[in-house]
Every structure is written in C-alpha cells, then in structure tokens.
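Here is how the chains run, residue by residue.
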Amino acid sequence: MSANTLPRCKWAETHLDKPFYVDYHDQEWGVPVHDDRHFFEMLILEGAQAGLSWLTILARRDTYRAAYDNFDVQKIAKYDEAKQQSLLADPGIIRNRAKVAASILNANAFIEIQKEFGSFDAYIWDFIGGKQVINHWKAMSDVPVSTALSDALSKDLKKRGMKFVGTTIMYSFMQATGLVMDHTTDCHCYHVLNNK
C-alpha cells in the first residue's frame, strides 16, 4: 500500500496533493509532545490560525520559524517595537498586529509557567492528569471543537495573561500536541497511536 492510499482522517485526505499537510497528519497530529520549544511553536501557530484555516498556517510554518527565531521563547519574550514592526512587514507570516503582540505576551507568560512548574511540559501534562486522552471517533463530524478540558485550559492560560487561547484554539492545540488523540477509527494513525 503506497503512502497516498493509506486510510486517513478526511481532513488529510482532501489535501493529498500537499505533502507537508499529509506529513503533518501522519507524523505529528495526535503524537504526544514533551518538548517545550515545540509546545511554544504550536501555541503561536494555533493562535495565528484564529479565523483562518490550519492549511494556511502550516504552509507558512518555515517562514514562521525564520521570523520567530525558531520559536525560542526567551528571545521572543524580549522582542521590542522594532522587531514587532519587522514581523508586521513580513509577508511570510500572518501580519496581524494583535496576534504579533500576543506572541510576545504569551512568551512571557510561558516563561512564568516554566518557572512555576519546572517546564511547560510538566504544567500541561499535569493539567490532563499525565495521560493522553484517546478518543474513538468514527467520523470527523463526531470530533468536538472544544471540551471541558479545553475550557479549563483556556481559562487557566487567560488567567495567566495569555491571549488567543480560547477554548477552540486550545482544543486544536491539544490535538496538535498529542494531549488528545482524535484520529478517526478508520485512519491508519488511530491504530498506530492506540497501540503504543
């Protein structure tokens, strides 16, 4: 069976002509993350997605990495007005003033969480009891856009000063970083991740 004929979640099957999108589905989505840099990257990218499609953001991922110092949270926390202006002039990212400002605000809040818990990884996994939530959805239409967990996470991050962390964005973030595994039961990734 070739890579393109493997059964996948419908959202990935609709873009088999975009290898980066298929690779993201096959290699990343729903796979548990334990790396703070990667967590921060997904936090910024998911926030950038607000009001847009994930395909739009994922297509710009490399330019985001270049523009944002490979998502080095310590550097981003110190971005000044000149750096913000250069980001707003960069056609390779979403040039939204509120989202750019939020990325710096969120970097500082992220660092505070690291100080309090030792790492963002410790904070986020403790938030869900240290165990991946594995769902068994038959169709993408069954998958929720938010849950009580994403509500609680969103509320806590907002309390800590973060922006663009609404419950729907946080549920996408949880799916993207493998806190939640939402591959549909007919997807080959569901069977791989469900048997780990």
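Residues numbered from 1 in each chain as written. Predicted model: local features only at pLDDT ≥ 70, side-chain atom pairs only at ≥ 80, totals over all residues. Heavy atoms only, no water.

Q: Explain the overall build of the protein to me, using residue names and the numbers behind them.
A: On a plain count of helices and strands, the protein comes out with twelve helices and two strands. For the protein, the succession of helices and strands along the chain, N to C, is α-α-α-α-α-α-α-α-α-β-α-α-β-α. Relative to the 2.2 N^0.38 estimate, which gives 16 Å for 196 residues, the radius of gyration of the protein is 17 Å and therefore close to what a compact globule would have. Expressed as lengths along the three principal axes of its C-alpha atoms, the size of the protein is roughly 50 × 35 × 25 Å. Across the 196 residues in the protein, those meeting the buried criterion constitute 48%. Of the contacts formed within the protein by residues at least 6 apart in sequence, a portion of 66% connects residues at least 24 apart. (Helix = DSSP H or I, 4+ residues; strand = E, 2+ residues; numbered from the N terminus. Rg over C-alpha atoms; globule rule 2.2 N^0.38 Å. Buried < 20%, exposed > 50% of the residue type's maximum accessible area, 1.4 Å probe, protein only. Contact = heavy atoms within 4.5 Å.)

Q: Explain helix α9 (residues 120-127) to me, and be specific about the residues and the numbers.
A: Looking only at α9, the buried set comprises F120, D121, Y123, I124 and W125. Taken together, the buried residues of α9 touch α3 (36-49), α8 (97-117), α10 (148-159) and α11 (167-176). Backbone geometry just downstream of α9 places G129 in the positive-phi region, at approximately 80 degrees.

Q: For the side chain of D26, give the residues involved together with the corresponding values.
A: Structurally, the position occupied by D26 is in helix α2 (residues 19-27). For D26, the side chain forms a polar contact with the side chain of R8, separated by 2.7 Å. The residues touching D26, leaving out its near neighbours within four places in the chain, are R8, H188 and C189. (Polar contact = N/O pair within 3.5 Å; in protein donor to acceptor, adjacent residues only side chain to side chain.)

Q: Outline the packing of α10 against α11, listing residues and values.
A: How two helices pack is summed up by the angle between their axes together with the distance between the axes. Packing of α10 against α11 leaves a shortest axis separation of 8 Å and a crossing angle of 110 degrees. With respect to α11, the element α10 is oriented roughly perpendicular. In the packing of α10 onto α11, the handedness of the crossing is right-handed. Seen from α10, the contacting residues are L149, S150, D151, L153, S154 and L157; seen from α11, they are T167, M170, Y171 and M174. Looking at the contact of α10 with α11, its residues break down into six nonpolar, three polar and one charged. (Axes fitted to C-alpha atoms, helices over the stretch in contact; angles between N-to-C directions. Parallel < 35°, antiparallel > 145°, perpendicular 65-115°, else oblique. Left-handed = near helix turned anticlockwise from the far one by under 90°. Nonpolar A, V, L, I, M, F, W, Y, C, P; charged D, E, K, R; others polar.)

Q: For the confidence of the model for the protein, give the residues involved together with the corresponding values.
A: Counting all residues, the mean pLDDT for the protein is 95, and 97% of those residues have values of 70 or more. The secondary structure element of the protein with the lowest average pLDDT is helix α12 (residues 188-194), at 92, and the one with the highest is helix α6 (residues 73-77), at 98. (pLDDT = per-residue confidence, 0-100.)

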